[in-house]
Amino acid sequence: MVTSPAASRRSSWAGRNYTLLTAAAIITNLGGHGALIAAAFAVLDAGGDGGDVGLVAAARTLPLVLFLLIGGAVADRLPRHRVMVAANSLNCVSQAAFAVVVLAGDPQLWQMLLLAALGGTGQAFFGPASEGMLLSSVSGEQAGRAFALYRMAMQGAGLGGAALGGLMVAMIGPGWVLAVDAVAFAAAGALRAFLDVSHIPPRAPGGGLLADLRDGWREFTGRPWLWSIVAQFSVVVAVVGAAESVFGPLVAEDELGGAGPWGLALGAFGAGTVCGALLMTRWKPRRLLFAGTLCVFPLAAPSAALAVPLPVAGLAAVMFVSGVAIEVFGVSWMTAMHQEIPEEKLSRVAAYDWFGSIAMVPLATALAGPAEQTFGRSPSLWGCAVLVVVVTAAVLFVPDVRNLTRRTKEVAASQGPTAQGPTSPGPQGAGVQETVSLEKPSA
């Protein structure tokens, strides 16, 4: 049978694995964005305050930080799809149990902390395996567009999940939203069980888990653009996470009218990410990370909007713009990772990326409540905005961040086979692309 050129181009970046990964991500984002809102309001409905909301958010993130590096090493040793399915199973069980204790009518703080921690543990093993699987599922010149379309589908589902989740929390309560998320994890895990890893070369026998971690660390620290941006996002993700997971629901409860308006604001952010991903299917900035980093500055705006606070329409507009901006960064980051990191080290490098990016989140979310009591809610939010601007400006002083260039066929040919030096691409054809997740790109 003769295969058309269009079909050949499609199969290079939108084959079976890419399709399954995209479908599963849509399902989990539909459930997960609503569940984040539900968890916060479950704590508030149980009589908790801002400090308790922050503790539950920190409980979800702390095991994620503790187990991420192990998860990355495991994902580069075992078939990645099996790691993803096992992690989804744990998330399904933990969210189902969370739903049960909330629906029973008397959830205790310790129960919510424990179940949130189990969910974070599952994510620690899922994240690096998922990112490595996604980055290895595409190749060729359309890889950058594939990442943009993947993120557009994922963020579109997040848009629907956030808006629907906020409305469902307001109408039927947070327990049922958590139950829906458990079902979503089960369905996504079933899809991921059918992923094909036969295209990934067998891993050569190594010196053990610690040796794998050291090898990933050398890969990570040897690239200034990589570790500097991860250091930047260790602050950005922490303060934005504290603003949106702790202060956001509190401002919504006290000033905006509750879960529904906050869900709409998060939905506007999701709409922005969809538009940003759509933009990136057409726009291919030559200096990938320079363009992406400039688009991190608008992430300061939501914290400032909550500090005022702006009315719902103004907050939604700000969230929309920040959503567009973060997608420009997200697609650029994924393309740079795919272009620069060898396939057999993708999960370990992704684990160091995730670890550095979220390492400060538990501390930031846990301190959000005390910061509000000490400095006040508005000054705390202004502080979040200022930190985002300062660290983003600082990372622009790193030459590799300003100068890392998209590798088109023409660029690769002009550089020659030895011009890439220590950042030569992996075995997936990344050197001839047209051309790193929550949130850094999350699969």
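Use the structure listed above.
Because the structure is predicted, anything quoted here is derived from the model rather than measured. (Residues numbered from 1 in each chain as written. Predicted model: local features only at pLDDT ≥ 70, side-chain atom pairs only at ≥ 80, totals over all residues. Heavy atoms only, no water.)

Chemist: What am I meant to see in the environment of L250 here?
Modeler: Turning to its location among the elements, L250 is positioned in helix α9 (residues 224-256). Note on L250: relative accessible area 9%, which makes it buried. (Helix = DSSP H or I, 4+ residues; strand = E, 2+ residues; numbered from the N terminus. Buried < 20%, exposed > 50% of the residue type's maximum accessible area, 1.4 Å probe, protein only.)

Chemist: Before we go on, may I ask you to explain the environment of P309 in this structure?
Modeler: Here P309 is to be found in the loop between α12 (301-307) and α13 (312-340). Judged by its relative accessible area of 31%, P309 falls in the partly exposed class. The sequence separation of P309 and L256 amounts to 53 residues, and the corresponding C-alpha distance is 8.9 Å. The residues contacting P309, other than those within four sequence positions of it, are V251 and E255. (Contact = heavy atoms within 4.5 Å.)

Chemist: Help me understand helix α16 (residues 377-395) in this model?
Modeler: Side chains that are three or four residues apart share a direction in an α-helix, a result of its 3.6 residues per turn. Taking 1.5 Å as the rise per residue, α16 with 19 residues should run 27 Å; its terminal C-alpha atoms sit 28 Å apart, in good agreement. The complete set of buried residues in α16 reads S380, L381, C384, A385, V388, V391, T392 and V395. Angularly, the buried residues of α16 cover 145 degrees about the axis, an arc narrow enough to put them on a single face. (Expected span 1.5 Å × (residues − 1). Arc of directions from axis to C-beta.)

Chemist: Please clarify how the packing of helix α2 (residues 16-45) against helix α7 (residues 174-192) should be interpreted in this entry.
Modeler: One way to put it is that α2 packs onto α7 with a least axis distance of 8 Å and a crossing angle of 160 degrees. On the basis of the axis angle, α2 is roughly antiparallel to α7. By crossing handedness, the relation of α2 to α7 is classed as left-handed. (Axes fitted to C-alpha atoms, helices over the stretch in contact; angles between N-to-C directions. Parallel < 35°, antiparallel > 145°, perpendicular 65-115°, else oblique. Left-handed = near helix turned anticlockwise from the far one by under 90°.)

Chemist: How should the side chain of T121 be read in this particular structure?
Modeler: Mapped onto the elements, T121 comes out in helix α5 (residues 109-136). What makes T121 buried here is its relative accessible area of 18%. Not counting chain neighbours up to four residues away, the residues in contact with T121 comprise P63, F67 and L90.

Chemist: How do you make sense of a nonpolar patch on the surface when you look at a structure like this?
Modeler: Nonpolar side chains collect at one region of the surface, where L62, L66, F67, I70 and L209 lie side by side and expose about 410 Å² of accessible area between them. The dominant element in the nonpolar patch, judged by the number of residues it contributes, is helix α3 (residues 50-77), at four residues. (Patch = residues over 30% accessible without salt bridge, like charges linked within 9 Å, V, L, I, M, F, W, Y side chains within 5 Å. Areas by Shrake-Rupley, 256 points an atom, 1.4 Å probe, with all protein chains shown as cover. Salt bridge = Lys/Arg side-chain N within 4 Å of Asp/Glu carboxyl O.)

Chemist: When you look at the nonpolar core in this model, what are you seeing that I'm missing?
Modeler: Nonpolar side chains tend toward joint burial in soluble globular proteins. Ranked by size, the top nonpolar core spans 111 residues in total, and within it W225, L226 and W333 carry the most contacts. The next biggest cluster of nonpolar side chains, apart from the first, holds six residues, and it includes A148, C295, A325 and V328. (Core = buried A, V, L, I, M, F, W, Y, C linked by side-chain atoms within 4.5 Å.)

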